[in-house]
Amino acid sequence: YVVSSDEPKEQLQEVVSRFGISLSPADFMMRCAVCNGHGYDAVSREEAAARGDCPPRILETVEEFFACKRCKKLYWEGPKSNGSLEHFTQLFETFNRQ
């Protein structure tokens, strides 16, 4: 399948329509951005601090951390993740109205 548009938003709409993709908040961001692995393990703040790959300001403000089950990349919820779900929910609602 070849996407016909050069515009990212139109490409997404085309793929969503062509393959009948729906957005499930429960599955949103459940794949690792590094290795595409599925699922995460909970990591305590202490474990996150000991790893050395978490910025100090995040350790001061975030309580819940997650590590990819496959490659162990560290994640946490914040404004970017919350904003992403809202953004894509609005996009999919727009696609469904058209």
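Residues numbered from 1 in each chain as written. Predicted model: local features only at pLDDT ≥ 70, side-chain atom pairs only at ≥ 80, totals over all residues. Heavy atoms only, no water.

Points about the state of the cysteines
Enumeration over the complete set of coordinates arrives at zero disulfides. Left without a disulfide partner, Cys35 is nearest to the cysteine sulfur of Cys68, which lies 3.6 Å away. A relative accessible area of 0% places Cys68 in the buried class. (Disulfide = S-S within 2.5 Å. Buried < 20%, exposed > 50% of the residue type's maximum accessible area, 1.4 Å probe, protein only.)

Notes on the sheet that holds strand 2 (residues 65-68)
Strand order in the open sheet formed by three strands is 1-2-3, and the pairing between neighbours is antiparallel. Of all the strands in the sheet, the pair left with one neighbour each is strand 1 (40-43) and strand 3 (74-76). Averaged over neighbouring strand pairs, the angle between their axes works out to 40° when direction is ignored. In terms of strand pairing, strand 1 meets strand 2 through four bridges, oriented antiparallel. Within the sheet, the bridge partner assigned to Val43 lies in strand 2 and is Phe65. (Pairing = 2+ DSSP bridges. Helix = DSSP H or I, 4+ residues; strand = E, 2+ residues; numbered from the N terminus. Axes fitted to C-alpha atoms, helices over the stretch in contact; angles between N-to-C directions.)

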